[in-house]
Amino acid sequence: MKASSKNAIIAARDFLIAYKTLNHEAMYAACTPTWKSANSLNKLKEHFQNPISGYKVFSAKKITEVVFDVKVLIKVADGEDKYLIRVIAETGPFKPSVDGEQKINPISIRKE
């Protein structure tokens, strides 16, 4: 499957669906092979301890052939903010490829 904006949105959505129920295993599965090669499920749990109450995915911007930023709105108990989620296509750890599966880098989630 070729890297695309559509697939980047799907990757971000898959992570956010899991984040809403705090399903760490599914969140971890949505992470890039590179991130997972250096970080355990427990590390992910340290970063994401509270579920979100909702989200909305807006669009994906192509940064390079294998990197996309997905614009989202994340809702938490005390409000909401716009964020960018970095999605990268890889065939394995440190192997970016347009033919790779698109996954998110969880530490790249940042306020817009």
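Residues numbered from 1 in each chain as written. Predicted model: local features only at pLDDT ≥ 70, side-chain atom pairs only at ≥ 80, totals over all residues. Heavy atoms only, no water.

1. Considering unusual backbone geometry
Negative phi values dominate among residues other than glycine, just as trans dominates among peptide bonds. Located in the positive-phi region is L22, a residue other than glycine, with phi close to 55 degrees. In this structure, L22 sits in the loop between α1 (5-20) and α2 (24-29). Exposure remark for L22: the relative accessible area of 22% places this residue in the partly exposed category. Within the chain, F94 stands out as a residue other than glycine whose phi angle is a positive 60 degrees. The exposure class of F94 is exposed, given its relative accessible area of 64%. (Helix = DSSP H or I, 4+ residues; strand = E, 2+ residues; numbered from the N terminus. Buried < 20%, exposed > 50% of the residue type's maximum accessible area, 1.4 Å probe, protein only.)

2. A few points about the environment of V70
Position of V70 relative to the elements: it lies in strand β2 (residues 67-76). Leave out the neighbours within four places in its chain, and V70 touches A8, I9, A12, V57, S59, A60, Y83, L84, I85 and V87. (Contact = heavy atoms within 4.5 Å.)

3. A short note on the pattern of salt bridges
Evaluated as defined, the whole model comprises 9 salt bridges. With a closest N to O distance of 3.8 Å, E112 and K71 form a salt bridge. With E112 in the segment after β6 (110-111) and K71 in strand β2, the pair connects residues that are 41 residues apart, well separated along the chain. Judged by relative accessible area, K71 falls into the partly exposed class, the value being 26%. E101 is the salt-bridge partner of K103, the closest N and O atoms lying 3.5 Å from each other. Connected via shared salt-bridge partners are D69, R86 and R110. (Salt bridge = Lys/Arg side-chain N within 4 Å of Asp/Glu carboxyl O.)

4. Structural notes on the side chain of D69
Inspection of the secondary structure assignment puts D69 in strand β2. For D69, a relative accessible area of 8% gives the class buried. Among the polar contacts listed, one links the side chain of D69 to the side chain of R86, at a separation of 2.6 Å. Those residues in contact with D69 that lie beyond four places of it in its chain are S59, A60, K61, I63, L84, I85, R86 and R110. (Polar contact = N/O pair within 3.5 Å; in protein donor to acceptor, adjacent residues only side chain to side chain.)

5. Concerning the environment of K20
Inspection of the secondary structure puts K20 in helix α1. Residue class for K20 comes out partly exposed when judged on its relative accessible area of 42%. Every residue in contact with K20, bar those within four places of it in the chain, is listed here: P51, I52, S53 and G54.

6. Some details on the side chain of T32
Relative to the elements of secondary structure, T32 occurs in the loop between α2 and α3 (33-38). Non-local contacts of T32, meaning those with residues more than four positions away in its chain, are made with I88, E90, K103, I104 and N105.

So yeah, pure geometry; function would need other evidence.
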